Structure formats: C-alpha cells, structure tokens
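Okay, here's what each chain looks like letter by letter:
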Amino acid sequence: MSSNVAGEKFEAVIGLEVHAQLLTNSKIFCGCSTAFGAAPNSQTCPVCTGQPGSLPVMNEKAIQYTIKTGLAMDCSISPYSRFARKNYFYPDLPKGYQISQYELPLCLKGRVVIETSEGKKEIGITRIHLEEDAGKNIHEAGPFSFVDLNRGGMPLMEIVSEPDMRSPAEAGAYMRKLRTILRYIGVCDGNMEQGSLRCDANVSVRPKGQKELGVKVELKNMNSFRFVEKALEYEINRQVRAIEAGEPILQETRLWDSAAGVTLSMRSKEEAHDYRYFPEPDLVPVTVPDNDIKRIKESLPELPDIKRERFVSVYGLPEYDADQLTAEKPVAEWFEETVKLGAKPKTVSNWVMGELMRLLNEEGAPIEKSSVTPQALAEMLALIDNGTISGKIAKTVFDEMYRTGKPAKKIVEEKGLVQITDTGALESAIDAVMAASPSEVERYRAGEEKLFGFFVGQVMKATKGKANPAAANDMLKKRLKG
Amino acid sequence: MEIFDLTIEELRLRISRKEVSAAEALDSVLSRIDKVEGRIKAYNTLTPEKARGMLAEADEKAPLYGIPLAIKDNMCTRGVRTTCSSKMLENFVPVYESTVTSKLIKAGYVLVGKTNLDEFAMGSSTENSAFKTTSNPWDTERIPGGSSGGSAAAVAAGQCVGALGSDTGGSIRQPAALCGVVGLKPTYGRVSRYGLVAFASSLDQIGPITKTVKDTAILMNAISGRDPMDSTSAPIPVPDFEAAAGKDIKGIKVGIPKEYFIEGMDPEVDTAVREAIKKLESLGAIPVEISLPNTQYAIATYYVLATSEASSNLARYDGVKYGFRAEGRDLLDMYMQTRSRGFGPEVKRRIMLGTYALSAGYYEAYYGKAQQVRTLIKRDFDNALKEVDVIATPTSPTAAFKMGEKTADPLQMYLSDIFTISINLAGVPAISLPCGFTKSGLPIGLQLIGGHFDEEGIIKAAYAYEQSTGWHKRRPAL
Ligand SMILES: [Zn+2]
C-alpha cells in the first residue's frame, strides 16, 4: 500500500484506540467464566447481569495484566488510579453504565516502535486503562431482539495511542506490533476476528505543513488488520476529496462497511453521548505499590524489539529473518531451541520460515502444534551436514517428518534415501546415462556446455535424487571430458 | 407481656430455656400483624409460609434461632419479592440472597416480611412508596419517618421483634426516632452492602432497628464484617458489640455541636435532648461544647452527591432485563415510557438532579465541589472526635409530622434529615434512641455519633443512657 494515501498536498493524522480482551479465567468483576463460544447467557451471574443490589469485585489478575502491558509499552504506572462510571443506555449494558477508568488510568505515556517500508518510527501511547466489556445484542428475524451477556463483564484493556500515525500502513504496522507485544506477554490472544482485539480509529486530514489538526472523524467496526488499513485508506481519500471540493468535514462517528468497502456516517457530534463520568463508588481506588511494579517488571519476558536485535547480533541473522522469527514468541523460542542443539542459525531460520511455516499455514496450526520438534529438525540438519542426505532430499524427508512425526533418520532408512557418495555406484549411474544419450555427449564435447545441467538431471533421476550433488558434478565433469 | 412485645434479648433467652418455642414466637408476631397491620401498613410482603420453612431448617443452637425479624424491602431475599416500594420492581423476585440476610439465615432468624419504604429509599416519611404510606404506631395519622418507616413502625408496633433498615442520609435513625425505637447506622464499610438495592453507593449502610440498644448490638454482631462480595466493606475485625452494652461510661467526653441546636427546632425536641445530655452527665460523662463548622453545607452537599450516584444506580431499571416494562414504538420510546411510568415523582426528581449535576460543564461546579465539601465535613467530625468520645445531637428537628404535611414541599421534607445527613457524608457511625416524648405523646430521638468503626463507643453510651431511663419500655397503644 502506498504510504501517501493522502496525496502530495495532504497529510493524514491517525490515532488508534485499541480494545484488548484480557486472558483472565474469570470476568473482571465476578467469577463467571470468560471462555469463548458458550450458549447465550450461560456464563452470567447477578453481578454481570446488573441485578439490583449486586456489586463489582475487582479481578486482581486484570489489574496485573494491564500493568504488565503498560510496562511492556514503556508506560509509567500510576501509583493511584481509580474506576469511573460511563453512563449510557443500551440493552447490552445491563447496569446502564460501564465501569471504566477516566481521569486516573492505570498506565500513562508510553511508546511502541513500529517499522514500515519507510523505516522505524515511535508511536506514543497516551494511556492504557481497564474496563468491562458490554454484552451483545442479537437481532434475528421477527419483532424481538435478544441480549447475550456472556461477553458482559469480560476484562477489556483500552490502549489509546497519540495521533502519531500518518498513513494506513503505519496504523497497520502499529496494530500488528501491539498484537505481537500482547501475545508475547500473554495478556491477550490478539484475535481480531473473534473480537478479542478491536480497533477504533480517529482520523483527520490537513494540508501538508499545517500545524493545526483537521476535523477528526472516528471510525469503528474494523475487525481485521486489513480492514483497519482499508477503512483508513477509504476515509482519508474521502476527506481529501471533500476538502478539495470545498466541502466541510463533519466531526462524526463513521462505521466501516467491509462488504461495500466504504465508511458510513453513524452519528454526528451533536448526537454524541454525555457519558457523565464520575468515580465508581462501589470499588476502592487501586493503589499499586512499587514492589508490585518491580515484581511484574521482572516477570516480563524478553520483548520482541529486544529479541529481534539479539537475533541479529548474536545469530547474525538478516533483519528480515529476525523480524519474521520474533513476530510470534513461540516461533522465536522454537528457532532458538533448534539453534541451541547445534544447528546453524541461518539454516534453521530458512527451514522455519520456509518449509515449517508453509506446512503450518496450510492447516492453520500454531508452531506449538508442530509434530516436528526442534530436536527433530536439528537431527535432520545434522544428516545434511554429514552428507547422509542431500538438501534436496531433505525437503522430502521434512515433509514426511511433519506428516508422520517420525525422526529423519528413520525416514531416510525406511525410504532408502541415503545419499550416494560411493564412487563405484555413481560411476555406473553416470556411465549408464552417458550410454543412453550418445548424441548429447557428442554435442557437449563439441562445446555445448549448457548441456551439463541435462546430465546432472539425468543422474539424479537415475539415482532417485540420492546422488551426492557435489560428488556427482565432479565425476560427471571428469567422465564427460572423456 | 405478650411474646411479640419481647426484645430479641428476652426472646432469645426464653427460647433457649424452652419457656417459649420458636413456633409460638412466630405465631405471636403473626397474630399481632393480623391485628394491627391494617392500621400500620408496615409491610409490602408478608412471608408466613417462608417463615415456617426457615424455622424448620434453622439450627436450634444458632444465635438468633427463631427470632422473627422484618427486612426492609430493598434488600434482596432469594425467592421473596423485593420491590423497593417501586412500581418498577413490583414483581421483582431476586435470584440471590443479600449478604446481611445470608448471615441472618445462618444465625437462625425467621423472615416475617419485607417492609415498606420510600421508593428506592428516597424520602423521609414512606409517603414516596408506590404502594402505601405506613402509619406511625404512636399516632396513625402521622408518618413513621423514612425511608425505613416500615421497619421502624413494625418494630414499634410489635409486628416483628427486630428489623433491618438502610440509611443513606438518616433513613434508619430518623424513623427510629419518630417511632420511639433504636436504630443504628454503622460506619460506612462495617456492614456489607451486597444485595442492598443501591440508592447512593458511597453513603448507603444497612443497620438494625430494634426496641433496645442491646438488641441493636445483638443484630450488629450478626450482620457486621468484611464481605468479599463488597469491595467497600472494611477488613477490620468485628468486636463483640453486645459486650459493649453495659460498660461504664464514667469520664467519657460527650461533644455537643453548637450548630445542631438551631433556631426553628421544635422546643420539645430541644428540651428532651438537653435533658438527655444532663442525664449522661449524671452518669459520669463530661459534656464538651464542640463545633462542626461545615454543617450548614451538608444538605446541599448530600443532595448533589446522593442524587448523582442515584441517577447512575437507577439506570439499570430500563425495562430490558427485569422489572416493569412499558411498550414503546422503538427502543428509545420503550426506555422513556418504562422509566416515566415505572418511577414515582421523587425518584424522577432525584434522577434529574443527579443527571444534571454530572453533566458536562456542570460536573466540576456541582459534583466536584460537593466532593470537596464532603471532605471538609468529614474532617470536621475527625477533628471533633479527636477531642470527644461521642457527639450528642437530636436525631430529627421535630417529632413525627402529619401525613401530607410536607409532601408538597420537597425542601421541607429534605430538612427532616438535617441532623443525620452529615454523618453519612462523614461515614461515621451513629445511633438514635428514645429520649422522651412530646406532650402529645410522640417519641423524640437522641442521636449519638461515634468515631470511625467505634460502634462500641456509641452502643456503650446509648445503653448506659437507655438503662437509666424508661423510654424504651413504653409501647404505643394500638
Ligand atoms: Zn458474572
């Protein structure tokens, strides 16, 4: 995607509000399960259905996860923070207010580094706060609508960025980076399709060089990384066209319609709610002792940026490889484990990014589910190194390992894939090939050297690919010279 | 003396000695209800069947075994309609039990019924109930006070042996005073609010309404303590309140705030309370004049904060999940019809006040400012209670007023709580107990205020005073 969607004269200004569902076992204010996909309203109780007289009780794990996220994004953690009520009426909001954080969020002022084709860039994090999710309205045919409150009261973290992004590509990179970090620290599964990661965008357009921001439009309903970029692209174009046509930009909320590929006005600023925030009297303020912050900081895993740098400096991997391998923590761990068993880093990287990823992607499986273990790959690579199998045969072996879970050695033995380095066997194979193609031999000897490849192919065919390529090459050259 | 006339203390003793069976006690109370409820109208719901079932299941060794109690109709009782005296919840049956009633069940109590209140506990007379106005047992033409008027009247009329009320700005103490019984609002956080239908969350507390101070202490023992279901309940050990009743009060300092003896107060109330303070002095207490300088701002502060919280707390009554629903053309219309028709005028007035106070552009001037003043009021009490052990004031500026007397003027009604409201803002505990009667035979209440989590201090002083008088032995003629 082009980075100057706004054209030569204009510049887009984008800030994102990302909602991340936390991977706690129970909801934020009650003991109900957070498992996805249960029958409607089967995971509810007096608290998360807003029964009269029920009260919220803070899930400490949710607080810790939010602090963890804040620390992973370089935020300062507020020693004192509190919850607030955001008041509005909607059927999926059983109390008539959402318990959120307002003037005193848990985390403030952080940053995330993204990388696009234009290089690295730091995106500021304004704040990260904790809140409860709403339920879901279900509209079916007929005069009724239904409400499913299973999702109501799920712990949700809102990560608000500074308006630091200038293109849909940057927004996309930011979203992916957030996802990577959240998954690294194990607080959110980052699944946009299932809604555990959601994104709203604030976007405006201004003439290049202008300091003041243009009129801001809020975009909602973008439930994939691609849609975030598409919706922004559409919206930026729409705003630029409007400005060029002398039409005003209205401050409004617009919905992304993924089927039509357009954004549509949902409500104007005048229709915006007055949420009447005030401190939640049913919860005590959250005080975070320095010790807790220290403890959570120490529990943080190596974060992607640091891991990536280390992969480059310690393993000598190209930036691209390091980037790919560290995007998901389990992949990075798989890679390192294999390297620790003595395999060459770049070779492991090639196999992981190539064959392994191809096979995993084919069935949509995560690397943790791979039937090939780091141990198994390391053993297979050792077979290549000691000349038992060729790199070419190795692909067949790896495929078989992935399918059956058998070790490489066994497959090589069972299928008789051991490389032919034995001079006698090679010689007879080459002699047979040469005898079968006398005219090609003549032409080669007459100077048509490009025919060499033909002979290599024939030898490989004759040996079912098991010929040691280097040895076969040497011998072919000698024999063909006559 | 009939069984229904007994105190919890006395009945408990007789049941344990097998002089009275728990079933006889229940029957006595139920037949008393039969006799007087038509005139008192204390109950929204009577639960005789439930009571018998509870009795069958209760542990005879439990501390409140067989004690028939009434519960204000804003505390959730599983399977028993909990209406808040509102059309909105007229047919609402909770699926869960509030913490206080769970504790009482464990203690072996028997639920007689759910008592009337001002709708959602908003009022000082029970006249804001959507269903009925409860009568004061001492004069059935008069109101019993509110909002826990049903509980106070039921206790005074012998329609239960004790009761629970809730107090947001005086809703336990003022009706207790007006009905000639004892009522205690505990320190905020002493008793769990889980299952109490919220009016103003930062002010609401559940407490006992009983015939004597000792009975209040007994119920406090049963309902107090940290509750994991209520984050605002305090992790502070619960002392034996019953043991506090009977301790010597020699040398305790009783603060008398000059701001509480004001012009316009009923002279009979003024006299009775001054007499009570003299009585305390004769028992060895030392009166000390004190000042609570921010008292004059209490009502305004209270009505900003309480209505703000209420406007949010009552948002859940939207016709979607439970309670009353009016049909509407669309969702918005359904909301508006439901809330317009489901709530009574006082509730709507407070929702509007609170919504306004929290609105963008007004928040700082109203809610923000009120929070600051609340801090000052709290500081007044903290400072005063460094100098004195308890503070003595009237509970209500007047004795029970006539039905309809103040309904036309909400501000007049709000002033009924002028002596009780500050205590909720400060979060400290206070007890009201009888300290005399007007010439026309209406009870007058003395309020004793204590430091944070020092219910023992006020129970001790109240008990000493009570035992030196005979007020608590008087019963209304019904
Ligand atoms: Zn729940």
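Computed from a predicted structure; not experimentally measured.

Criteria and thresholds
Residues numbered from 1 in each chain as written. Chains lettered and ligands numbered in written order. Predicted model: local features only at pLDDT ≥ 70, side-chain atom pairs only at ≥ 80, totals over all residues. Heavy atoms only, no water. Phe/Tyr/Trp six-rings, centres within 6.5 Å; stacked < 30°, edge-to-face > 60°. Helix = DSSP H or I, 4+ residues; strand = E, 2+ residues; numbered from the N terminus. Buried < 20%, exposed > 50% of the residue type's maximum accessible area, 1.4 Å probe, protein only. Domains from an automatic or database assignment. Contact = heavy atoms within 4.5 Å. Salt bridge = Lys/Arg side-chain N within 4 Å of Asp/Glu carboxyl O. Polar contact = N/O pair within 3.5 Å; in protein donor to acceptor, adjacent residues only side chain to side chain. Buried area = accessible area lost by both parts, 1.4 Å probe.

### A closer look at the packing of aromatic side chains
As enumerated under the stated definition, the model contains 29 aromatic pairs over all chains in all. Here the aromatic rings of A:Tyr102 and A:Tyr277 are separated by 3.8 Å at their centres, their planes lie at 5°, and the arrangement is stacked. Placement of the pair is A:Tyr102 in the loop between strand 5 (97-100) and strand 6 (107-116) and A:Tyr277 in the loop between strand 14 (262-268) and strand 15 (278-279), with a sequence separation of 175 residues. For A:Tyr102, a relative accessible area of 42% translates into the label partly exposed. Of the residues examined, A:Tyr277 reaches a relative accessible area of 19% and is grouped as buried. Consider the rings of A:Phe278 and B:Tyr367, whose centres lie 5.7 Å apart with planes at 65°: the pair is edge-to-face. Taken together, the positions of A:Phe278 in strand 15 and B:Tyr367 in helix 13 (residues 364-387) put the pair across two chains.

### Topic: the domain arrangement of chain A
Residue and element names in this part refer to chain A. Parsing chain A into structural domains produces domain 1 (10-295), domain 2 (302-415) and domain 3 (423-480). The distance between the C-alpha centroids of domain 1 and domain 2 comes to 37 Å. Across the boundary between the two partners, domain 1 contributes 11 residues, which contact 11 residues of domain 2. For the pair domain 1 and domain 2, the interface holds 4 salt bridges. Where Glu328 meets Arg183, a salt bridge forms, and the shortest distance between an N and an O atom there is 2.8 Å. On the surface where domain 1 and domain 2 come into contact, there are 7 residue pairs in polar contact (both at pLDDT 80 or more). Listing elements by their share of the side of domain 1 that touches domain 2, those giving two or more residues are strand 6 and helix 2 (168-184).

### Here's the deal with the domain arrangement of chain B
All names here are of chain B. Here chain B is partitioned into domain 1 (3-250) and domain 2 (296-371). Using only C-alpha atoms to locate each centre, domain 1 and domain 2 end up separated by 27 Å. Listed by partner, the interface residues are 19 residues for domain 1 and 19 residues for domain 2. With both sides pooled, the region where domain 1 packs onto domain 2 buries about 1,700 Å², and carbon together with sulfur makes up 66% of that total. On the domain 1 side of the contact with domain 2, Met88, Met122 and Phe199 bury the most area, a combined 39% of that side's loss. Linking domain 1 to domain 2 there are 0 salt bridges. Connecting domain 1 to domain 2 are 8 residue pairs in polar contact (both at pLDDT 80 or more).

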